[in-house]
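Results of the structural survey
Read off the chains here:
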Amino acid sequence: MTMESPLNTALAQLRGTIDKLGLSENDWQTLSTPRRVLQVAVPLRRDNGDVEMYDGFRVQYSTTRGPSKGGVRYHPDVDLNETISLAMLMTWKCALTNLPYGGAKGGIAIDPKTLSMQENERLTRRYTSEILPIIGPERDIPAPDVGTDERNMAWMMDTYSVNAGFSVPGVVTGKPIVLGGSLGRTSATGDGVAIATREALRARGIDIKGATVAIQGFGKVGYWAAIALEKMGMKVVAVSDVNGGVTGFSSVSALWDYYLSHKSLNMPGCDALTNEELLHLDVDVLIPAALADSITAATAPGVKAKIVVEGANGPTSPEGDAILQEKGVLVVPDILANSGGVIVSYFEWVQDKQNYFWTADEVRENLSSIIMKALRDVESMASNKGVTWRDSALMIGVGRVAEAHHLRGLYP
Ligand code: NAD
């Protein structure tokens, strides 16, 4: 198991990328430091009247290429270190996909499963009001992440709007459609993961029709990726959630229907397997789409997949990554593979600014064209420079932010 903190891992990746790009020590100084870090205390009044305090964060890692952008996570493990590292990843992701954004991340160290709907609403509104001075459609635009969804975004949008005195839909993305959300946002990250999987199979010369896929995590990313992969003709053979996985289901939608009604993946006729067994299945593609650090020094040696597509953020530790590289596994890195979410969030923000809304086909076509461009850029730099897809993606993303810094200059 890795003992590295997510921030140390992200900083080590940045150091390596700066060296590969031949950037200066001054670049390291500016790129390795978050621009604005806000820690807030979030008081929560429970339904029984008890008051509890929780730590909340919002990190604006970069605003050099535009307003900062990134999700809000509710999870007990949220801390400042993880939030900075995720905000840094968002910065390289937005630059890699050429969106006019910097990078941000936020969250509260709480288990949302312990919250009633009313408690969740009070917590979300209070968190929003604590970070209100630094967010806004031109400053920093939050979105859902682990443990939050469109309901939380509706409360955030309302809290901000009530304080502004008028409706400000562009302050968050991932909103319900009736409040200015975008068609296609819910499935966007999974759709992008599926496109990245298809292109990685093509790059490895593996037939897309019938290619086998195992997915760890059956949430917003894992489920929609599974649906899109099936539509493309691939065979999703196993999925898992926090309690373990299953194999042997007839289709993803049949399993999903069962999952919704029984809150369990153990559908009659399926075989159960552990999360570790899922990682070691003999499949063409493995998609970690749960949390960080699932492919580590301990689990990577058993991976048999030829391709790993990182649906989650940071699912592969540096040691795990080195082992996959030695085995010749093609790894499509998180900042590329899961960029579909922020790409369609960008479309939502554009639609809110213009008060003009696109059709689902327009969203799909534009998503495909942006992520395909990023995939082609990464593949071609990887082959020209003889580096991995992860190195290539970071070189493009970090290189663009460094160039923007150089052109803007240092004030004063
Ligand atoms: P989610 O909360 O909707 O789903 C997470 C899934 O992972 C659930 O099925 C959960 O049961 C499972 N899980 C949790 N812990 C696990 C464990 N230890 N082992 C196996 N499974 C486990 O979250 P999500 O939005 O799907 O996000 C998943 C990952 O994708 C996160 O790393 C997130 O940062 C990243 N991501 C999400 C989006 C997005 O648009 N939602 C965009 C980019 C990246």
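Description of the structure in this document. Model, not experiment: these values are computed from the prediction.

What to know about the overall build of the chain
The helix and strand tally for the chain stands at 14 helices and twelve strands. Relative to a compact globule of 412 residues, whose C-alpha radius of gyration would be 22 Å, the chain shows 20 Å and is just as compact. Seen through its principal axes, the chain has C-alpha atoms that stretch 55 × 55 × 45 Å. Expressed as a percentage of its 412 residues, the buried residues of the chain come to 56%. Per element, the accessible surface of the chain, about 17,000 Å² overall, is 53% carbon and sulfur. Across the chain, 39 positive and 47 negative side-chain charges occur, with their mean positions spaced 5 Å apart.

Description of the sheet that holds strand β3 (residues 68-74)
Strands sit in the order β1-β2-β4-β3-β5 across an open sheet of five strands; the sheet is mixed. Each end of this open sheet is capped by a strand with a single partner; those strands are β1 (36-45) and β5 (140-144). Averaged over all pairs of adjacent strands, the angle between their axes in this sheet comes to 20°, without regard to strand direction. Where β3 meets strand β4 (residues 103-108), three bridges bridge the pair, whose relative direction is parallel.

Topic: the environment of Ile110
Positionally, Ile110 belongs in the loop between β4 and α4 (117-131). Accessibility expressed as a relative area gives 3% for Ile110, which makes it buried. Leaving out residues up to four positions away in the same chain, Ile110 has contacts with Leu44, Arg46, Tyr54, Tyr74, His75, Pro76, Leu115 and Leu123.

Description of the site of the ligand
In the vicinity of the ligand there are 22 residues, among which Arg73, Asp145, Thr189, Val221 and Asn313 approach most closely. Residue Phe218 places a main-chain N or O atom 3.0 Å away from an oxygen atom belonging to the ligand. At the level of secondary structure, the elements contributing two or more residues to the shell around the ligand comprise α6 (185-203) and α7 (220-231). Class assignment of the residues belonging to the shell around the ligand gives a composition of eight nonpolar, nine polar and five charged. The two domains that each donate at least three residues to the shell around the ligand are domain 1 (34-170) and domain 2 (188-337).

Examining the side chain of Asn275
Within the element layout of this structure, Asn275 appears in helix α9 (residues 275-279). Here Asn275 falls in the buried class, since its relative accessible area comes to 19%. The residues touching Asn275, leaving out its near neighbours within four places in the chain, are Gln216, Ser240, Asp241, Val242 and Gly244.

Examining helix α8 (residues 252-262)
Inspection of α8 places Val252, Leu255, Trp256, Tyr258 and Tyr259 among the buried residues, and these make up the whole buried set. The arc enclosing the buried residues of α8, seen along the axis, measures out at 165°, which places them on a common side. Those residues of α8 that are exposed and aimed more than 90 degrees away from the buried face are Asp257 and Ser261. Each element contacted by the buried residues of α8 is listed here: α7, β7 (235-241) and β8 (244-247). Once α8 ends, the next one or two residues include Lys263, with phi positive near 55°.

Some points on the sheet that holds strand β11 (residues 307-309)
Note: strands within a sheet are paired through backbone hydrogen bonds, in either parallel or antiparallel orientation. The sheet built from seven strands is open, its strands ordered β9-β8-β7-β6-β10-β11-β12 with mixed pairing. Here the strands that pair on one side only, and so sit at the sheet edges, are β9 (271-273) and β12 (330-332). Taking the axes of each pair of neighbouring strands and ignoring which way they run, one obtains an average angle of 20° across the sheet. The pairing of β8 with β9 spans three bridges and is classified as antiparallel. Note that in β9 the partner of Val246 across the bridge is Ala272.

Quick notes on the rules
- Per chain, residues are indexed from 1 in the order of the written sequence.
- The model is predicted, so local features are restricted to residues of pLDDT at least 70 and side-chain atom pairs to those at 80 or more, both for listing and for counting; the totals for chains, interfaces and linings are taken over all residues.
- Excluding hydrogens and water, the side-chain values take into account all heavy atoms of the structure.
- Helix and strand definitions follow DSSP, with helices as H or I runs of at least four residues and strands as E runs of at least two, each counted in order from the N terminus.
- Here the globule rule is a power law, 2.2 Å times the number of residues to the power 0.38, and the radius of gyration is based on C-alpha atoms.
- Working definition: with a 1.4 Å probe on protein chains only, accessible area under 20% of the residue-type maximum means buried, over 50% means exposed, and in between means partly exposed.
- For the accessible areas, the method is Shrake-Rupley and the probe is 1.4 Å, while residue cover comes only from the protein chains on display.
- His residues and chain termini do not enter the charge count, which takes Lys and Arg as positive and Asp and Glu as negative.
- Charge positions come from single atoms, namely NZ of Lys, CZ of Arg, CG of Asp or CD of Glu.
- The pairing criterion is simple: DSSP has to find at least two bridges between the two strands.
- To define axes, lines are fitted to C-alpha atoms, for helices over the stretch in contact only, and angles between the resulting N-to-C directions are given on a 0 to 180 degree scale.
- Throughout, a contact is declared for two residues whenever any of their heavy atoms are within 4.5 Å.
- Throughout, the term near means that a residue has one or more heavy atoms lying within 4 Å of the molecule or strand in question.
- Two N or O atoms form a polar contact when they lie within 3.5 Å of each other; inside protein one atom must be a possible hydrogen donor and the other a possible acceptor, and for residues adjacent in sequence the pair counts only when both atoms belong to side chains.
- For this scheme, ten residues count as nonpolar: Ala, Val, Leu, Ile, Met, Phe, Trp, Tyr, Cys and Pro. Four count as charged, namely Asp, Glu, Lys and Arg, and the remainder, Gly too, count as polar.
- Marked domain ranges trace back to an automatic or database domain assignment.
- To obtain the arc, one takes the directions from the helix axis to the C-beta atoms.

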